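Per-entry structural report
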Amino acid sequence: MAVMQKHIDVTQYFEDKSHALRTYVNLPLDDISRYTCPIRFISSALKEYGSLICQSPDDLLPLFFAACFHDALRFLRMNYKELLELAQYKMSEEQAKLAAEIIFVLTPNKGRNRRECYGKVALDAIRATPYAPFMRLCIRLGQIRYLVENDCESELHWLDDEYPFLLRSLTFETDDKRLMLPEELVGEIYRCLDGHSRF
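An account of the accompanying structure is given in this report. (Residues numbered from 1 in each chain as written. Predicted model: local features only at pLDDT ≥ 70, side-chain atom pairs only at ≥ 80, totals over all residues. Heavy atoms only, no water.)

Things to note about the environment of Cys 192
Under the convention used in this document: Here a helix means four or more residues in a row that DSSP labels H or I, a strand means two or more in a row labelled E, and each is numbered from the N terminus. Exposure categories follow from relative accessible area, calculated using a 1.4 Å probe and restricted to protein chains: below 20% of the type maximum is buried, above 50% is exposed, and the middle band is partly exposed.
With respect to the helices, strands and loops of the structure, Cys 192 is situated in helix H12 (residues 183-195). Given a relative accessible area of 1%, Cys 192 falls into the buried group. For the pair Cys 192 and Leu 156, spaced 36 residues apart in sequence, the C-alpha separation works out to 9.8 Å.

Next up, the structure:
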């Protein structure tokens, strides 16, 4: 993607900083977990499908930041202010705010199960935040690709159960393209869960 290549120094900085923070809190990039996965799988999904939804090339850097730090508030011992300051170091104030808001609304609440973590209030916030529904699915696709590549297909059963609920929750009528889900992205996740044919 041309805009990513143009800002390769910035995207590399985000990746390196994310890696350093994960190492600091003992959360390595190759951790096999249903809650996190290597950044390169998520950013790869973003690079493939981001051009289908981004309204401006300037929006791609905030999405890349969100991919690198999607779990920062939950796992990397950061708070919102620290996240925003880190984003502002390499992006404009507007870009940084977009990235931080996406990460904030994608951070699950406490709950006994995933549906409680993503209750009505949380889902309403995701549906109201530009690009947040799209990033939610990029994270899911990244997790699926990671599990398949690492021969952990048996771990996909929880995604089989969750994905239809997640897709219904994030699909709604809107004129704002930033809140839509690219059909190509939705379709790939279904194909992966149905048989992992691409892998």
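Concerning helix H2 (residues 8-24)
Inclusion rule: A helix is expected to span 1.5 Å multiplied by its residue count minus one. The arc in question is traced by the directions running from the helix axis to the C-beta atoms.
Taking 1.5 Å of rise per residue, the 17 residues of H2 would be expected to cover 24 Å, and the 24 Å separating its terminal C-alpha atoms lies within 8% of that figure. Those residues of H2 that fall on the buried side of the exposure criterion are Val 10, Thr 11, Phe 14, Ser 18, Leu 21 and Arg 22. Buried residues of H2, seen end-on, are gathered within an arc of 105 degrees and therefore sit on one face of the element. When the buried face of H2 is taken as reference, the exposed residues oriented beyond 90 degrees from it are Asp 9 and Tyr 24. Two residues or fewer after H2 comes Asn 26, characterised by a positive phi angle close to 65 degrees.

A word on unusual backbone geometry
A positive phi angle, close to 60 degrees, is found at Arg 77, a residue other than glycine. Note on placement: Arg 77 falls in the loop between helix H5 (72-75) and helix H6 (80-88). Residue Tyr 131 is not a glycine yet carries a positive backbone phi of 70 degrees. Structurally, Tyr 131 is set in the loop between helix H9 (120-128) and helix H10 (132-149).

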